[in-house]
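Observations on chain architecture
Single-letter residue listing:
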Amino acid sequence: MARPVNYINKYMWRYLLRKFCLILLLIVPALLAIGFRISPGTILLHDAPVGRPFDFATERGQVIRIGPMDYDMTYHIRAEPASAGNSSATGYFDFPNASWFSVAAETVFAPAGEVTEVPMWLNIPDDDGWLNHNWLLGVPVSPIAVGEGAAQIQVGGYLLFRFETEAKAGVVPYCAENEIVAVPSRTLFDKMLPDVPRTEVVELYHGRQRALLYSVERLDPDSDVARLTILGTPGYPRLTNPEWVEYPEEIVIPGKGEGGGPFPITVNVPRDEPVRRFEEILLIKSDHAKTAFLRILVNLEQR
């Protein structure tokens, strides 16, 4: 009885494989014919303003673009914390209030053969507690209806926007439970002189109720995270001599409401080095929390 079973299984497998290939041949050309595009797929906004509206079209020439497609389509656009869409990015935490991001229309009709542009704005309330944050916002672009006679394939998109709010020392940040915030999130060592070390102290906060120990390490400039997620500050090349920047490799961050954990950073650039400015990026890590980061920007005195 074993032989007939094997015989049937073999031919059933061939039949199923042919059916699967036929389905692929039908679906893939239809998807390609749609010509579906939504952009920008991602945004990184350094120094996202706190306390004033930010118009992406006016200040960066950016709008959400949908199409062109081969048929009429209607879409719904909304904002949400990225975790609601099962999305994440190393160093960035959930955007705290989706209503701070808005688009010109939440329901958008995209005619066939045209590119539909949707302006967008960011408006973070005027509160020092929102400075120094690194956030990730998800923007689902979801199909509502397909035009008459169009292929019954509906596709949407999921945009991921990264916001790094303005940096400022001496403030106490709001922290979500799993969030780590460096104050300031970008520490500037300006007009540095060769062979003259300087130390600045950053305060690290988190939203946990008890103190936790974190490790600190530099972000590898050749890593995927550095190339794709935590991008460098424009105009500042990454530091190629990590020994110029000294910092503790571990830091205890006090529990929520108990203040920040002091984190000293010392920069010392040797004499006769052919550099004018650079950036170092440090990761703050723990087995019990998401990874955070802080930026160190250095300008050398020009003589």
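This text follows the structure it describes.
Owing to the predicted nature of the structure, the values given are computational and were not obtained by experimental measurement.

How each quantity is defined
Residues numbered from 1 in each chain as written. Predicted model: local features only at pLDDT ≥ 70, side-chain atom pairs only at ≥ 80, totals over all residues. Heavy atoms only, no water. Helix = DSSP H or I, 4+ residues; strand = E, 2+ residues; numbered from the N terminus. Core = buried A, V, L, I, M, F, W, Y, C linked by side-chain atoms within 4.5 Å. Buried < 20%, exposed > 50% of the residue type's maximum accessible area, 1.4 Å probe, protein only. Phe/Tyr/Trp six-rings, centres within 6.5 Å; stacked < 30°, edge-to-face > 60°. Lys NZ or Arg CZ within 6 Å of the ring centre and 35° of its normal. 1 Å grid on protein atoms, 1.4 Å probe; cavity = no way out; pocket = protein on both sides within 12 Å on 5 of 7 lines; lining within 4 Å. Points joined across faces, edges and corners; volume = space filled by probe spheres on them. Nonpolar A, V, L, I, M, F, W, Y, C, P; charged D, E, K, R; others polar. Salt bridge = Lys/Arg side-chain N within 4 Å of Asp/Glu carboxyl O. Pairing = 2+ DSSP bridges. Contact = heavy atoms within 4.5 Å.

1. Notes on the environment of Ile253
Inspection of the secondary structure puts Ile253 in strand 19 (residues 250-253). Each C-alpha atom, one on Ile253 and one on Tyr205, is 6.2 Å from the other, the two residues being 48 residues apart in sequence.

2. Looking at the nonpolar core
If you look at the biggest cluster of nonpolar residues, it comprises 39 residues, and the most contacted ones within it are Ile64, Phe101 and Phe163. Sorting elements by how many residues they give to this core places strand 12 (residues 134-146) first, with four residues. Ala182, Tyr214, Ile251 and Leu282 belong to the second-largest nonpolar core, a separate cluster that totals 28 residues.

3. Details of the packing of aromatic side chains
The tally for this structure, following the rule as stated, stands at 14 aromatic pairs. A ring pair is formed by Phe95 and Trp135, whose centres lie 5.4 Å apart and whose planes are at 75°; its orientation type is edge-to-face. Of the two residues, Phe95 sits in the loop between strand 7 (93-94) and strand 8 (101-103) while Trp135 sits in strand 12, which places them 40 residues apart along the sequence. Residue classification places Phe95 among the buried positions, given a relative accessible area of 1%. You can call Trp135 buried: its relative accessible area is 1%. Geometrically, the ring pair formed by Phe95 and Phe163 is edge-to-face, given 5.6 Å between the ring centres and 65° between the ring planes. Of the two residues, Phe95 is situated in the loop between strand 7 and strand 8 and Phe163 in strand 13 (residues 157-165); the sequence distance between them amounts to 68 residues. By the burial criterion, Phe95 is buried, and Phe163 matches it. The ring of Tyr236 has Arg277 lying over it, and the distance from NZ or CZ to the ring centre is 4.6 Å.

4. Some remarks on unusual backbone geometry
With an omega dihedral of 5°, the bond running from Gly67 to Pro68 counts as a cis peptide bond. Along the chain, the position of Pro68 falls in the loop between strand 4 (64-66) and strand 5 (73-77). For the bond running from Val183 to Pro184, omega is 0°, close enough to zero to count as cis. By the element assignment, Pro184 lies in the loop between strand 14 (180-183) and strand 15 (186-192).

5. A closer look at empty space enclosed by the protein
Tallied over the full model, the rule gives one cavity of 30 Å³ or more. Its volume calculated, the largest cavity comes out at about 30 Å³. Of all elements in the fold, only strand 14 and strand 22 (289-300) reach the threshold of two or more residues within the lining of the largest cavity. Class assignment for the residues of the lining of the largest cavity results in five nonpolar, two polar and no charged.

6. Re the pattern of salt bridges
For the coordinates displayed, the defined rule picks out 13 salt bridges. For Glu217, the salt bridge goes to Lys285, with nearest N and O atoms at 3.4 Å. Taken as a pair, Glu217 in strand 17 (residues 212-218) and Lys285 in strand 21 (residues 277-286) lie far apart in primary sequence, 68 residues in all. For Glu217, a relative accessible area of 35% translates into the label partly exposed. Accessibility expressed as a relative area gives 30% for Lys285, which makes it partly exposed. In this structure, the salt-bridge partner of Glu279 is Arg295, at a minimum N-O distance of 2.9 Å. You can see Glu279 sitting in strand 21 and its partner Arg295 sitting in strand 22, a full 16 residues away along the chain. The pair Glu279 / Arg295 is uniform in exposure class, with both members buried. Sharing partners across several salt bridges, the network here consists of Asp47, Glu164, Arg186, Glu279 and Arg295.

7. A look at the sheet that holds strand 4
The strand order 1-4-10 describes an open sheet built from three strands, whose pairing is antiparallel. Both outer strands of the open sheet, strand 1 (38-39) and strand 10 (116-118), are each paired with one neighbouring strand and no more.

8. Concerning the environment of Ala292
Along the chain, Ala292 falls in strand 22. For the pair Ala292 and Glu179, spaced 113 residues apart in sequence, the C-alpha separation works out to 7.9 Å. Apart from the residues within four sequence positions on either side, Ala292 is in contact with Gly91, Phe93, Ile180, Leu282, Leu283 and Ile284.

9. Digging into the layout of surface pockets
Its boundaries defined by the atoms lining it, the largest pocket holds a volume of some 160 Å³. Taken together, 11 residues make up the lining of the largest pocket; nearest its centre are Pro194, Asp272, Glu273, Leu300 and Glu301. Partitioned by chemical class, the residues of the lining of the largest pocket number five nonpolar, one polar and five charged.

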